[in-house]
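Notes for the structure review
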Amino acid sequence: MAGVRRDSASRDKTRASIVECAAQLLREQGASAVTTRAVAQAAGMQAPTIYRFFEDKDALLDAVAEHVFATYVAGKTLVEDCGDPVADLRAGWDTHIGFALANAALFGLLTDPSRGARSPAAAAGLEVLRARVHRVAVIGRLRVPERRAVELIHAAGTGAVLTLLSTPPEHRDLDLADAMYEAVMRSILTDAPTLPANSTAAAAVAFRAVAPKLTMLTNAERALLSEWLDRAGDSPTTPGASDGPD
């Protein structure tokens, strides 16, 4: 039994070494440099050894992307919140933009739908974003449904990074990411730190955020309430509309 554990530990160590060497090549030279021959040479082993752990180059790249991004996401989840959900959302955006620009080749892998869609680390990253957006909804600052806010922020962040990466570093306008963030915030946030009196949608979104915690209701009642609130949050409020018949 002890021998099995030693063999397993040795195998895990070898695999980790391969992934680390491949990650370094990816950072320094890009995805095209991550060949089995180059990785094997960097790891001090024969190329056929790589195939004992990874079926092909794509499988190796998947493992590298997962390793690097999982480490990044784990760091995001450990960051202490400052107490202001809107400020935390902005901090998360800045961190994400900085990470993506510093890891261009990795970001390119993760934005490939065939890879990103099956990445547990990418899914975990989205969960961090959803949690931040949820906290904004709870304080009544969100004017759109949470899912819509998450999708807008995610799309804007991806687009901003891809645009910046397509521009030579010496010509990049980093204010572009700030401008994109501000544009998205104007479309999803209310202007005041408390619920505006005429914002039915914002009130519905805020109530929807806490509806699952209303334990005095049955599961069926909470589900029905959530459905109503989702519908209310999706419906734009008409300025000057009456709350009832005259």
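Residues numbered from 1 in each chain as written. Predicted model: local features only at pLDDT ≥ 70, side-chain atom pairs only at ≥ 80, totals over all residues. Heavy atoms only, no water.

Things to note about the packing of aromatic side chains
Selection criterion: Between 30 and 60 degrees the pair is tilted, below 30 it is stacked and above 60 it is edge-to-face, where a pair is any two Phe, Tyr or Trp rings, Trp via its six-membered ring, whose centres lie within 6.5 Å. Numbering of helices and strands runs from the N terminus; a helix is a DSSP stretch of H or I covering at least four residues, while a strand is a stretch of E covering at least two. In this scheme, a residue with accessible area under 20% of its type's maximum is buried, one over 50% is exposed, and one in between is partly exposed, where area comes from a 1.4 Å probe on protein chains only.
With the rule as written, the count across this model stands at two aromatic pairs. Between F69 and F99 the ring centres are 6.0 Å apart and the planes differ by 50°, which places this aromatic pair in the tilted class. Note that F69 is positioned in helix α4 (residues 57–78) and F99 in helix α5 (residues 85–102), a separation of 30 residues in sequence. Judged by its relative accessible area of 15%, F99 falls in the buried class. Here the aromatic rings of W93 and Y181 are separated by 5.2 Å at their centres, their planes lie at 55°, and the arrangement is tilted.

Some words on the packing of helix α8 (residues 120–138) against helix α9 (residues 146–165)
Threshold: Note on method: axes are straight lines fitted to C-alpha atoms, helices fitted across the in-contact stretch only, with angles between N-to-C directions ranging 0 to 180 degrees. Oblique is the label for every angle not falling under 35 degrees (roughly parallel), over 145 degrees (roughly antiparallel), or within 65 to 115 degrees (roughly perpendicular). Crossings are classed by handedness, with left-handed meaning an anticlockwise turn of the near helix from the far one by less than a right angle and right-handed meaning a clockwise turn. For this analysis, residues touch if any pair of their heavy atoms sits within 4.5 Å. Asp, Glu, Lys and Arg are counted as charged, while Ala, Val, Leu, Ile, Met, Phe, Trp, Tyr, Cys and Pro are counted as nonpolar; the rest, among them Gly, fall into the polar class.
Their axes nearest at 9 Å, the elements α8 and α9 cross at an angle of 125°. Here α8 is positioned oblique relative to α9, judged by the angle of their axes. In this structure, α8 meets α9 at a crossing whose hand is right-handed. Contact with α8, carried on its side by L126, L129, R130, V133, H134 and A137, involves E146, A149, V150, I153 and H154 of α9 and no other residues of that element. Here the residues of the contact of α8 with α9 are counted per class, giving seven nonpolar, two polar and two charged.

Section: the packing of α5 against α9
Axis separation between α5 and α9 bottoms out at 10 Å; the angle between their running directions is 35°. Read as a crossing pair, α5 and α9 show a hand that is right-handed. Across from L89, W93, I97, A100 and L101 in α5, the residues of α9 making contact are I153, A156, G157, V161, L164 and L165. Classifying every residue of the contact of α5 with α9 by side-chain character gives ten nonpolar, one polar and no charged.

Overview of the pattern of salt bridges
We apply this condition: By definition, a salt bridge exists where a carboxyl oxygen of Asp or Glu is found within 4 Å of a side-chain nitrogen of Lys or Arg.
A full pass over the atoms with the stated rule returns five salt bridges. Where R90 meets D178, a salt bridge forms, and the shortest distance between an N and an O atom there is 2.7 Å. In this pair, R90 sits in helix α5 while D178 sits in helix α10 (residues 175–188), placing the two residues 88 residues apart along the sequence. Ionic pairing is found between R130 and E127, a salt bridge with its closest N-O pair at 2.5 Å. In this pair, R130 and E127 both sit in helix α8, three residues apart, roughly one turn of the helix.

Points about the side chain of T36
For the record, the criterion: Contacts described as polar in this section are N or O atom pairs within 3.5 Å, which, within protein, must combine one atom able to donate a hydrogen with one able to accept it, while residues neighboring in sequence count only if both atoms come from side chains.
Secondary-structure assignment places T36 in helix α2 (residues 36–43). Of the polar contacts made by the side chain of T36, one reaches the side chain of Y51; its length is 3.4 Å. Excluding residues within four positions of it along the chain, T36 makes contact with A47, I50 and Y51.

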